[in-house]
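Survey of secondary and tertiary structure
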Amino acid sequence: MGTAFKKFKYFESQEDDENVLIITRKHWFYLLTPFIIGGFFSIISTILFILLKKTGSDSFIYLLPEIILSISILFFITYPYTSWVLRYYNVVILTDEHIVEVEQIGLFSRKVSVLDLDQVEDVTFGQHGIIQTTLDYGNLEIQTAGELRNFIFNNINDPDGLQRKIMELKELEENERRTRGKKIAKSD
């Protein structure tokens, strides 16, 4: 968790000397529902296909099972894939200067929010229930200074580790600011 990633520009406003410390996404468990729903519809449509195929007439009712199965397979492939793409591109990036949220809203729409570490007031995380606690995922809320909106990250991996790292960086920054203030005061 403490190692920096290779030099690569992860977001547009990233400075050349800015190190990416953590990249996290929504937990894999978040994807379970789309795969279950897609699988359920696929099984139901296959059963319908088999039952309706036994009627064996040459009318439209004969083509209906094939149409239903085709739509079901298309749904089973696209729904989980779309969910995976949205999960993969929804990221929280922690650098030594910023917290960046890349929110993939749809396949062709995303929003990037950047928060300076000095604007962070408080960081809280929550894990509710046995599944979130056991699988180590949950929600993280970053309270910001002034009128800035709070950053809320839902269903992310290791929210307590991310909270600790943010608070650690915040404390480091405050110590550096105090040290600079003392040096300026001594030079006067």
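Residues numbered from 1 in each chain as written. Predicted model: local features only at pLDDT ≥ 70, side-chain atom pairs only at ≥ 80, totals over all residues. Heavy atoms only, no water.

1. Topic: the sheet that holds strand β5 (residues 120-126)
Basically, it comes down to this: Here, strands pair whenever DSSP counts at least two bridges between them. Helix and strand definitions here come from DSSP, where helices need a minimum of 4 consecutive H or I residues and strands a minimum of 2 consecutive E residues; each element is numbered from the N-terminal end. Axes here refer to lines fitted to C-alpha atoms; in helices the fit is confined to the stretch in contact. Angles between the N-to-C directions go from 0 to 180 degrees.
Here we have three strands laid out as an open sheet, ordered β5-β6-β7, and antiparallel in their pairing. Looking along the sheet, the strands with just one partner apiece sit at the ends: β5 and β7 (151-157). Going from strand to strand, the sheet's axes swing by 20° on average, the running direction of each strand aside.

2. What to know about unusual backbone geometry
If a residue is not glycine, its phi is most likely negative; likewise, a peptide bond is most likely trans. As a reminder of what qualifies: Three labels apply to residues, based on accessible area from a 1.4 Å probe with only protein chains included: buried if under 20% of the type maximum, exposed if over 50%, partly exposed otherwise in between.
Positioned with a positive phi, D136 is a non-glycine residue whose angle comes to about 55°. Of note in the backbone geometry, N155 takes a positive phi value of approximately 55° without being a glycine. The buried category is assigned to N155, whose relative accessible area is 18%.

3. Notes on the sheet that holds strand β4 (residues 109-116)
The strand order β1-β2-β3-β4 describes an open sheet built from four strands, whose pairing is antiparallel. Either end of the sheet is taken by a strand with one partner, and the two such strands are β1 (20-25) and β4. Averaged over all pairs of adjacent strands, the angle between their axes in this sheet comes to 15°, without regard to strand direction. Of the strand pairs in this sheet, β1 and strand β2 (residues 91-95) are connected by five bridges, and their pairing is antiparallel. Residue pairing in the sheet places V20 in a bridge with T95 of β2.

4. Quick look at the nonpolar core
Heads up, the condition is: Joining through side-chain atoms within 4.5 Å is the link that ties buried Ala, Val, Leu, Ile, Met, Phe, Trp, Tyr and Cys residues into a set, and such a set is a nonpolar core. Here, residues are in contact when the closest pair of their heavy atoms is within 4.5 Å.
Among the nonpolar cores identified, the biggest contains 17 residues, and I99, I142 and I166 are the most heavily contacted of them. Among the elements of the structure, β1, β2, β5, β6 (137-144), β7 and α4 (159-187) are those that each provide at least two residues to this core. Those residues in contact with I99, other than ones at most four positions away along the chain, are V92, I93, L94, S113, V114, L115, L117, V120, I142, F151, F153 and I166. In this structure, F11, V20, V91 and I93 belong to the second largest nonpolar core, which totals six residues.

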